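Breakdown of the fold
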Amino acid sequence: MGKIIAIVNQKGGVGKTTTAVNLTSALTELGKKVLLCDFDPQANATSGMGVDKRKIKYSVYDVTINDVPARDAVVQTQYGHVLPSSADLAGAAVELIAQNHREGKLDKSLHALRESYDVIFVDCPPSLEMLTLNGLCAADGILVPVQCEYFALEGLSDLMSTLRMVKKRLNPRLEIFGVALTMYDGRTNFSNQVAQEVRRHFPGKVFATVIPRNVRLAEAPSHGLPVTAYDRTSRGAEAYRAMAKEIERKL
């Protein structure tokens, strides 16, 4: 049965969607069956995987709110499979409030797909609200991207408090799967200091691979491509392939 990993951090701009897209692509290259569930209304992971949001028949909104079978909404790409998002998802948090077992809607939707994949990534929105709560309740573990910049650890205590609450009350299997250091600049002492601090806070959980600041990583989404396809030899592509191998071993 496939492992479900929610990629989550309530801070924006930490490389969360970039990590979701490129790990999906890199693990697919390794021969794994991977599904990326885009659970962010911005739908950047959907377009980053080369899926045209205007042409999809169903989105994850239809799956969670209108009970469309998840399998009917999955889009296959050469970089991995995608459960796409759409702007409609922005209203889902409000619609879910009135529903029974509202925090478990995504878990119920993904359950039927677990047997078909080695891993399912859930790209959560940059906030700790109902959509992210659904992602946490569906997941076996969380992957937390942390940028190697000032205020890197700010807000992580809130995320850990939410994690403990969800684990205690709603999803006892939830664990920290890994912490990914992103936007790393090895030329600066500051990046090294932040990396050391993150490793101190999360002993044994931080991936050995760090994701560097890389122009190609920033350019790839505008072409609707993972960086592993946009520029295979770039430092960003090589880093995500190395991190994918670490995840493969953990799986």
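Here's a quick rundown of the structure.

Criteria and thresholds
Residues numbered from 1 in each chain as written. Predicted model: local features only at pLDDT ≥ 70, side-chain atom pairs only at ≥ 80, totals over all residues. Heavy atoms only, no water. 1 Å grid on protein atoms, 1.4 Å probe; cavity = no way out; pocket = protein on both sides within 12 Å on 5 of 7 lines; lining within 4 Å. Points joined across faces, edges and corners; volume = space filled by probe spheres on them. Helix = DSSP H or I, 4+ residues; strand = E, 2+ residues; numbered from the N terminus. Nonpolar A, V, L, I, M, F, W, Y, C, P; charged D, E, K, R; others polar. Buried < 20%, exposed > 50% of the residue type's maximum accessible area, 1.4 Å probe, protein only. Core = buried A, V, L, I, M, F, W, Y, C linked by side-chain atoms within 4.5 Å. Contact = heavy atoms within 4.5 Å.

It is worth spelling out the layout of surface pockets at this point. Taken as a whole, the largest pocket encloses approximately 470 Å³ of empty space. Sorting the residues of the lining of the largest pocket by element identifies α1 (16–29), α2 (44–48) and α10 (215–219) as the ones contributing at least two each. No other element matches α1, which puts five residues into the lining of the largest pocket. Within the lining of the largest pocket, the residues separate by chemical class into 16 nonpolar, eleven polar and four charged.

It is worth spelling out unusual backbone geometry at this point. Positive phi, close to 65 degrees, is recorded for Phe151, a residue that is not glycine. With respect to the element layout, Phe151 can be found in the loop between β6 (141–147) and α8 (156–169). Exposure remark for Phe151: the relative accessible area of 47% places this residue in the partly exposed category. With a phi close to 55 degrees, Met183 is a non-glycine residue in the positive phi region.

This part takes up the nonpolar core. Ranked by internal contacts, the top residues of the largest apolar core, which has 52 residues, are Leu83, Leu110, Val122 and Ile142. Looking at this core element by element, the count peaks at six residues for helix α7 (residues 130–138). In this structure, Ile142 is in contact with Ile5, Ala6, Val8, Leu136, Met160, Leu163, Leu174, Glu175, Ile176, Phe177 and Gly178, ignoring residues within four places of it in sequence. Counting 31 residues, the second largest nonpolar core, distinct from the first, contains Ile7, Leu217, Ala220 and Ala239.

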